[in-house]
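Each chain, written out:
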Amino acid sequence: FSLFFMACLPEGQTAPDPKGENAREFVKKLFCPVLELTHNHGTEKDDDFSHFVGNEDDRKGFGHIGFLVEDVDATCKALEDLKSDFKKKPMDGNMKGLAFAKDPDGYWVEIIKRGGYDEHSTTYWFDKK
């Protein structure tokens, strides 16, 4: 398997070369939120292999990951400019203010406002009909 780590580093901090001898210790000491992605090898040459994202009818599983952002609308605009597909845009549906983009494999990626929209840090509001 291969491991990939994604993090927003504090200002002024830089990551070492991922293949360098200090990379492993650097990742172990990160205090900020870190997303670990694992790739399990073995299906690369299997023409019959298919994966499931966990959000298909009659096949629920993984669900999604979420990212906190300062501005949901600006983040969605940047993703739209990159031709990303969406399951839900910020003002779609009853829950307003959050979005679900799709990665290239169809996994859902929730876009959430850091700190929320009210004193309770609620990350959405309901449409009042």
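To be clear, the structure that these remarks concern was listed above.
Procedures and definitions
Residues numbered from 1 in each chain as written. Predicted model: local features only at pLDDT ≥ 70, side-chain atom pairs only at ≥ 80, totals over all residues. Heavy atoms only, no water. Helix = DSSP H or I, 4+ residues; strand = E, 2+ residues; numbered from the N terminus. Rg over C-alpha atoms; globule rule 2.2 N^0.38 Å. Buried < 20%, exposed > 50% of the residue type's maximum accessible area, 1.4 Å probe, protein only. Contact = heavy atoms within 4.5 Å. Areas by Shrake-Rupley, 256 points an atom, 1.4 Å probe, with all protein chains shown as cover. Lys, Arg positive; Asp, Glu negative; His and termini not counted. Charge placed at Lys NZ, Arg CZ, Asp CG, Glu CD. Pairing = 2+ DSSP bridges. Axes fitted to C-alpha atoms, helices over the stretch in contact; angles between N-to-C directions. Patch = residues over 30% accessible without salt bridge, like charges linked within 9 Å, V, L, I, M, F, W, Y side chains within 5 Å. Salt bridge = Lys/Arg side-chain N within 4 Å of Asp/Glu carboxyl O.

Q: I tried to follow the overall build of the protein chain on my own but got confused; where do I start?
A: A tally of helices and strands in the protein chain yields two helices and ten strands. Along the chain direction, N to C, the helices and strands of the protein chain fall in the order β-α-β-β-β-β-α-β-β-β-β-β. The C-alpha radius of gyration computed for the protein chain amounts to 18 Å, which surpasses the reference 14 Å derived for 129 residues by more than 25%, pointing to a less compact arrangement than a globule. Oriented by its inertia axes, the alpha-carbon framework of the protein chain measures out at about 55 × 45 × 25 Å. Here the protein chain holds 129 residues, and the buried ones make up 20% of them. Within the protein chain, contacts between residues at least 6 apart in sequence are counted, and of these 54% link residues at least 24 apart. A total accessible area of about 10,300 Å² is found for the protein chain, and carbon and sulfur atoms account for 53% of it. Each charge class in the protein chain was averaged separately, 18 positive and 25 negative side chains, and the resulting centres sit 3 Å apart.

Q: I tried to follow unusual backbone geometry on my own but got confused; where do I start?
A: When glycine is set aside, most residues are seen to have a negative phi, and most peptide bonds are trans. Of note in the backbone geometry, lysine 83 takes a positive phi value of approximately 70° without being a glycine. The residue lysine 83 is located in the loop between α2 (72–81) and β6 (85–88) in this model. Judged by its relative accessible area of 70%, lysine 83 falls in the exposed class. Of note in the backbone geometry, serine 121 takes a positive phi value of approximately 60° without being a glycine. Its location among the elements puts serine 121 in the loop between β9 (108–113) and β10 (125–126).

Q: Help me out: how do you make sense of the sheet that holds β6 in this one?
A: Consider a sheet: its strands pair through backbone hydrogen bonds, and that pairing is either parallel or antiparallel. Pairing within the open sheet is mixed, and its four strands lie in the order β5-β9-β8-β6. In this open sheet, the two edge strands, each paired with only one partner strand, are β5 (64–69) and β6. This sheet shows a mean twist of 30° between the axes of neighbouring strands, independent of strand direction. In terms of strand pairing, β5 meets β9 through six bridges, oriented parallel. Considered in β9, the bridge of phenylalanine 67 is made with isoleucine 111. Strands β5, β6, β8 (99–102) and β9 of the sheet are contacted by α2, whose axis makes an angle of about 145° with β9.

Q: Please explain the environment of leucine 35 as it appears in this structure.
A: Structurally, leucine 35 is set in strand β2 (residues 34–39). Classification of leucine 35 by relative accessible area gives partly exposed; the value is 24%. C-alpha separation for the pair leucine 35 and phenylalanine 5, spaced 30 residues apart in sequence, amounts to 5.6 Å. The residues touching leucine 35, leaving out its near neighbours within four places in the chain, are Phe4, Phe5, Met6, Ile65 and Phe67.

Q: What should I look at first to understand the side chain of lysine 96 in this one?
A: For lysine 96, the position within the fold is in strand β7 (residues 95–96). Discounting chain neighbours no more than four positions away, the residues touching lysine 96 are Pro90, Met91, Thr123, Tyr124, Trp125 and Asp127.

Q: In this structure, what is going on with a nonpolar patch on the surface? I would like to understand it.
A: A contiguous nonpolar patch, built from Phe1, Leu3, Phe5 and Val34 and spanning about 390 Å² of accessible area, is present on the exposed surface. Position of valine 34 among the secondary structure elements: in strand β2.

Everything listed is a geometric property; what it means functionally is a separate question.
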